[in-house]
Amino acid sequence: MMTQLTPLEIMIGVAVLVALIGLRRASARAARRASEAARTGTRLMSLTSRVLITATGIVGVQWLVISHAENRALLWAVLIVPAIMAAYALTRAMTVTVEEPRRKGGRR
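Residues numbered from 1 in each chain as written. Predicted model: local features only at pLDDT ≥ 70, side-chain atom pairs only at ≥ 80, totals over all residues. Heavy atoms only, no water.

Asker: Just to check I follow, could you spell out the overall build of the protein chain for this structure?
Answerer: Scanning the protein chain from terminus to terminus reveals 2 helices and 0 strands. Against the 2.2 N^0.38 benchmark of 13 Å for 108 residues, the protein chain shows a C-alpha radius of gyration of 30 Å, more extended than a compact globule. Referenced to the eigenvectors of the C-alpha coordinate spread, the extents of the protein chain come out at roughly 105 × 25 × 20 Å. The buried share of the protein chain, taken over its 108 residues, is 5%. Counting every atom, the protein chain has about 10200 Å² of accessible surface; 69% of that belongs to carbon and sulfur. A distance of 5 Å separates the average location of the 15 positive side-chain charges in the protein chain from that of its 5 negative side-chain charges. (Helix = DSSP H or I, 4+ residues; strand = E, 2+ residues; numbered from the N terminus. Rg over C-alpha atoms; globule rule 2.2 N^0.38 Å. Buried < 20%, exposed > 50% of the residue type's maximum accessible area, 1.4 Å probe, protein only. Areas by Shrake-Rupley, 256 points an atom, 1.4 Å probe, with all protein chains shown as cover. Lys, Arg positive; Asp, Glu negative; His and termini not counted. Charge placed at Lys NZ, Arg CZ, Asp CG, Glu CD.)

Below, the structure written as structure tokens:
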């Protein structure tokens, strides 16, 4: 013998179903945010290590030339070239460009 569901029981069932779908979507968004945060942290560490390695190389070459070179032109070249490269990199890093995020389907 089958019993019929009351309207209240049907509404409760629909509410539970909607809540479960909402929880699933919220957990997917949270997982996506956590994944993006981890990628950002990894990129930052990678960038930091590359900057430190490059800076160490530049300082090493400058120290070598300053301590052993008698040629003033070489001394100035060793000091000016990294300064120009650093100024260019800082200018690019400090220049703010705003891009609109892409939506699904490739449209903006």
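Asker: Hey, could you run me through helix α2 (residues 72-94) in this one?
Answerer: At 3.6 residues per turn, the α-helix brings residues three or four places apart onto the same side. Here α2 spans 33 Å end to end across 23 residues, near enough to the 33 Å set by a 1.5 Å rise per residue. Where α2 starts, the residue carrying a side-chain oxygen 3.1 Å from the main-chain nitrogen of A73 turns out to be N71. (Expected span 1.5 Å × (residues − 1). Polar contact = N/O pair within 3.5 Å; in protein donor to acceptor, adjacent residues only side chain to side chain.)

Asker: Can you help me understand the side chain of Q62 in this one?
Answerer: Along the chain, Q62 falls in helix α1 (residues 7-68). Under the relative-accessibility criterion, Q62 is labelled buried at 17%. Here Q62 is in contact with V78, L79 and P82, once residues within four sequence places are set aside. (Contact = heavy atoms within 4.5 Å.)

Asker: For this particular structure, what's the right way to read the environment of A34?
Answerer: Relative to the helices and strands, A34 resides in helix α1. Spatially, the C-alpha atom of A34 lies 35 Å from that of M85, the residues being 51 residues apart in sequence.

Asker: Is there a simple way to explain the environment of V65 in this structure?
Answerer: The topology assignment puts V65 in helix α1. Overall, V65 belongs to the buried group, its relative accessible area being 13%. Residues V65 and W76, 11 residues apart in the sequence, show an inter-C-alpha distance of 9.9 Å. Excluding residues that lie within four positions of it along the chain, V65 makes contacts with L74, L75 and V78.

Asker: Which parts of the structure should I look at to understand a positive patch on the surface?
Answerer: Taken together, the side chains of R25, R29, R32, R33 and K104 present a region of like positive charge at the surface. Along the chain, the position of R32 falls in helix α1. Relative accessible area serves as the criterion here: at 57%, R32 is assigned to the exposed category. (Patch = residues over 30% accessible without salt bridge, like charges linked within 9 Å, V, L, I, M, F, W, Y side chains within 5 Å. Salt bridge = Lys/Arg side-chain N within 4 Å of Asp/Glu carboxyl O.)

Asker: It is not clear to me how a nonpolar patch on the surface should be interpreted in this structure. Could you clarify?
Answerer: A surface patch of nonpolar side chains, amounting to about 500 Å² of accessible area, comprises L8, I12, V16, L20 and L23. Looking at the element boundaries, L8 is found in helix α1. With a relative accessible area of 56%, L8 lands in the exposed category.

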